[in-house]
Protein chains: 2
Amino acid sequence: MNSYCNFVIVGAGNLGTRISIALKDTGHTALQIINPNKEKARILSEKVGGSYGVDIEINNKADIVFIATNDDSIPDVVKKYKNKDLLFVHLSGSTSMSVFNPDMENYGVFYPLQSFTADVDLDFKNIPILLEASSAANYKILESIACSISEKVFKMDSDKRLKCHLGAIIAANFSNHFIALGEKYLKENELPVEILHPLLDEMISKIKKHGAEKAMTGPARRNDLISIQKHIEILKDKPDLQKIYTFVSDNIINFYRKSNS
Amino acid sequence: MNSYCNFVIVGAGNLGTRISIALKDTGHTALQIINPNKEKARILSEKVGGSYGVDIEINNKADIVFIATNDDSIPDVVKKYKNKDLLFVHLSGSTSMSVFNPDMENYGVFYPLQSFTADVDLDFKNIPILLEASSAANYKILESIACSISEKVFKMDSDKRLKCHLGAIIAANFSNHFIALGEKYLKENELPVEILHPLLDEMISKIKKHGAEKAMTGPARRNDLISIQKHIEILKDKPDLQKIYTFVSDNIINFYRKSNS
């Protein structure tokens, strides 16, 4: 393989699109875009080049095939393309590398730890990419491609990757949910959600410097039961939110009691 | 009053320090720094000027007196300085303006919606300041001072301010807590917490553009019960975290079920 690779993408959704664009922009060559919805495949191939189709055979000039489907479909794709020569990787945080066994012989995982929702350009340079491969030779190929698009490349086995993914869900998805609950509460009280933005910026900035445990503030952190009781009282007409407020506040109090003791 | 004021600060903690520095840097004049710990008062007066002390009378040349103590102490400070001439304000999100009644006649609230933890310089320009005053004339004074240090000044009564504060706790403190839980889980599994930073940056960037509800991703958002079950299984040796994971995932599923229906 040259330092630039010929790649095939199976799955032209958000992740497939973002990774293809990042690869193309770095000088790699798209050979084929394969997707169940042909129109989506065509749109992506227009952006990054390569032929496209729904049920085409994989070009055996490919240096690497990226399976960028949703997690549930990965086993079916593996079964379908059963191949002992080409190098296949999936891009999933929570799917074990053993999904390729025994249908493939050259395989690995190429997992970018980032959420790909909207149709937003993303700079891959800072996105951590977690790699695993079936052999040292295959790992070298993955590493060379990953390092060409990102400065943060990690070697990580399936068990650790799954734990990393789980930690990321707790940290990012769950915190996003509480920001959504806070925003909803403000909207219901005709307050502007933008009023939270400087607070969120400052929070992230402190977390990056000192870690979230040290950055923590608020009544539950101070074990200020009077303020907590006042808030629970205000939420009496919102029993769902009241229950969550109580649960999380208790959890915070216990968390810092344990780390202080 | 000129456009620049002479101010007195009661309370030389973090909030008192930050607000004094912001006022001084904008051209206002510190007359006095009053604090139960004299050494702390001295340190702040060295930074921003003015005399300092523990039990001194308030200079009647003051245009405004900021009560920057913790919330519990505000009623005592009001009783102690009982005054019908000078303008007093507190800086608390969750304390009603009525705390000044009937001991003062000119009063108000000057609440910067930001968390002041570590000894970190903060640019007040973007910090929302929520104002309330006992009269239109007093409001004008507060508005002029607030607008001199921040571009985001809001008029807000005590009831709304309390709700705003509660929304901010849910959005910022609670999300910080889940980031702390995610970080802790990564550390326990010898994974680097920095791996989360690009994810958190992207999350905040999406939230600011589209709101947190639209920015939401992850297995609970997709109602992906298989992944959730897998995560609950992985957490079997961490019953506390497992309980939280289950509670929050259920809550997310219900939240989006309601907003989709």
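In this text the structure is predicted, and so the values were computed from the model without any measurement.

## Comments concerning the overall build of chain A
Counting secondary structure elements, chain A contains nine helices and eight strands. If you take every contact in chain A between residues at least 6 apart in sequence, the share linking residues at least 24 apart comes to 53%. In the form shown here, chain A has an accessible surface area of approximately 11400 Å², with 49% of it arising from carbon and sulfur atoms. Within chain A, the 32 negative side-chain charges are centred at a point lying 4 Å from the centre of the 32 positive side-chain charges.

## Remarks on the sheet that holds strand β4 (residues 64-67) of chain B
Sheets are built from strands paired through backbone hydrogen bonds, the pairs being either parallel or antiparallel. Residues and elements named next belong to chain B. On the basis of which strands lie adjacent, the open sheet formed by eight strands has the order β3-β2-β1-β4-β5-β6-β7-β8 and mixed pairing. Lying at the two open borders of the sheet, with one neighbouring strand each, are β3 (51-53) and β8 (153-155). Sheet twist, expressed as the average angle between the axes of neighbouring strands with direction ignored, equals 25 degrees. Bridge count between β4 and strand β5 (residues 83-90): three bridges; the pairing is parallel.

## Points about the pairing of strand β5 (residues 83-90) of chain A
Residues and elements named next belong to chain A. When you tally the buried positions in β5, you get six out of eight residues, the bulk of the element. As a crossover connection, the stretch from strand β4 (residues 64-67) through helix α3 (residues 74-81) into β5 is right-handed. Strand direction decides the pairing type here: β5 and strand β6 (residues 104-112), joined by five bridges, are parallel. Across the sheet, residue His90 finds its bridge partner in β6, namely Val109.

## Here's the deal with the sheet that holds β5(A)
Residues and elements named next belong to chain A. A sheet is described by the order of its strands in space; here eight strands give the open sequence β3-β2-β1-β4-β5-β6-β7-β8, paired in mixed fashion. Edge positions in the sheet fall to β3 (51-53) and β8 (153-155), since each has one partner strand and no second. Neighbouring strand axes in the sheet, compared pairwise and without regard to direction, differ in orientation by 25 degrees on average.

## Describing the interface of chain A and chain B
Contacts between the two partners involve 81 residues from chain A and, on the opposite side, 81 residues from chain B. A combined buried area of about 8200 Å² lies between chain A and chain B, and 71% of that area is made up of carbon and sulfur atoms. The interface formed by chain A and chain B contains four salt bridges. The partner of Glu190(A) in a salt bridge is Lys160(B), with the nearest N and O atoms 3.9 Å apart. At the junction of chain A with chain B, the criterion picks out 18 residue pairs in polar contact (both at pLDDT 80 or more). Of all elements in the fold, only α5 (158-188), α6 (197-210), α7 (212-215), α8 (225-234) and α9 (239-260) of chain A reach the threshold of two or more residues within the side of chain A that touches chain B. Here the element with the most residues in the side of chain A that touches chain B is α5(A); it accounts for 26 residues. Grouping the constituent residues of the side of chain A that touches chain B by class yields 46 nonpolar, 20 polar and 15 charged.

## Quick notes on the packing of α5(A) against helix α8 (residues 225-234) of chain B
Two quantities define a packed helix pair, namely the angle between the helix axes and the distance between the axes. Remark: α5(A) packs on α8(B), axes separated minimally by 11 Å, with the N-to-C direction vectors making an angle of 105 degrees. Judged by the angle between their axes, α5(A) and α8(B) are roughly perpendicular. Two secondary-structure elements touch here, α5(A) through Leu162(A), Lys163(A), His165(A), Leu166(A) and Ile169(A) and α8(B) through Lys230(B), His231(B) and Ile234(B). Grouping the amino acids of the contact of α5(A) with α8(B) by side-chain chemistry returns four nonpolar, two polar and two charged.

## Thoughts on the environment of Glu132(B)
Residues and elements named next belong to chain B. Residue position: Glu132 is located in strand β7 (residues 129-133). Along the sequence, Glu132 and Thr217 sit 85 residues apart, while their C-alpha atoms lie 39 Å from each other. Those residues in contact with Glu132 that sit more than four places away from it in its chain are Met97, Gly108, Val109, Tyr139, Leu142, Met156, Asp157, Ser158 and Arg161. Here the side chain of Glu132 touches Ser158 through a polar contact of 2.7 Å, side chain to side chain.

## Describing the environment of Ala62(B)
All names here are of chain B. Here Ala62 shows up in the loop between β3 and β4. Sequence spacing of Ala62 and Glu143 is 81 residues, and the spatial spacing of their C-alpha atoms is 17 Å. Every residue in contact with Ala62, bar those within four places of it in the chain, is listed here: Asn6, Val8, Leu31 and Leu86.

## As for the pattern of salt bridges
Residues and elements named next belong to chain A. Throughout the structure, instances matching the rule amount to 30 salt bridges over all chains. In this structure, the salt-bridge partner of Glu39 is Arg42, at a minimum N-O distance of 2.8 Å. Of this pair, Glu39 and Arg42 both sit in helix α2 (residues 38-48), separated by three residues, roughly a single helical turn. The exposure class assigned to Glu39 is partly exposed, which follows from its relative accessible area of 42%.

Analysis parameters
Residues numbered from 1 in each chain as written. Chains lettered and ligands numbered in written order. Predicted model: local features only at pLDDT ≥ 70, side-chain atom pairs only at ≥ 80, totals over all residues. Heavy atoms only, no water. Helix = DSSP H or I, 4+ residues; strand = E, 2+ residues; numbered from the N terminus. Contact = heavy atoms within 4.5 Å. Areas by Shrake-Rupley, 256 points an atom, 1.4 Å probe, with all protein chains shown as cover. Lys, Arg positive; Asp, Glu negative; His and termini not counted. Charge placed at Lys NZ, Arg CZ, Asp CG, Glu CD. Pairing = 2+ DSSP bridges. Axes fitted to C-alpha atoms, helices over the stretch in contact; angles between N-to-C directions. Buried < 20%, exposed > 50% of the residue type's maximum accessible area, 1.4 Å probe, protein only. Right-handed = clockwise from strand over helix to strand, strands pointing away. Buried area = accessible area lost by both parts, 1.4 Å probe. Salt bridge = Lys/Arg side-chain N within 4 Å of Asp/Glu carboxyl O. Polar contact = N/O pair within 3.5 Å; in protein donor to acceptor, adjacent residues only side chain to side chain. Nonpolar A, V, L, I, M, F, W, Y, C, P; charged D, E, K, R; others polar. Parallel < 35°, antiparallel > 145°, perpendicular 65-115°, else oblique.

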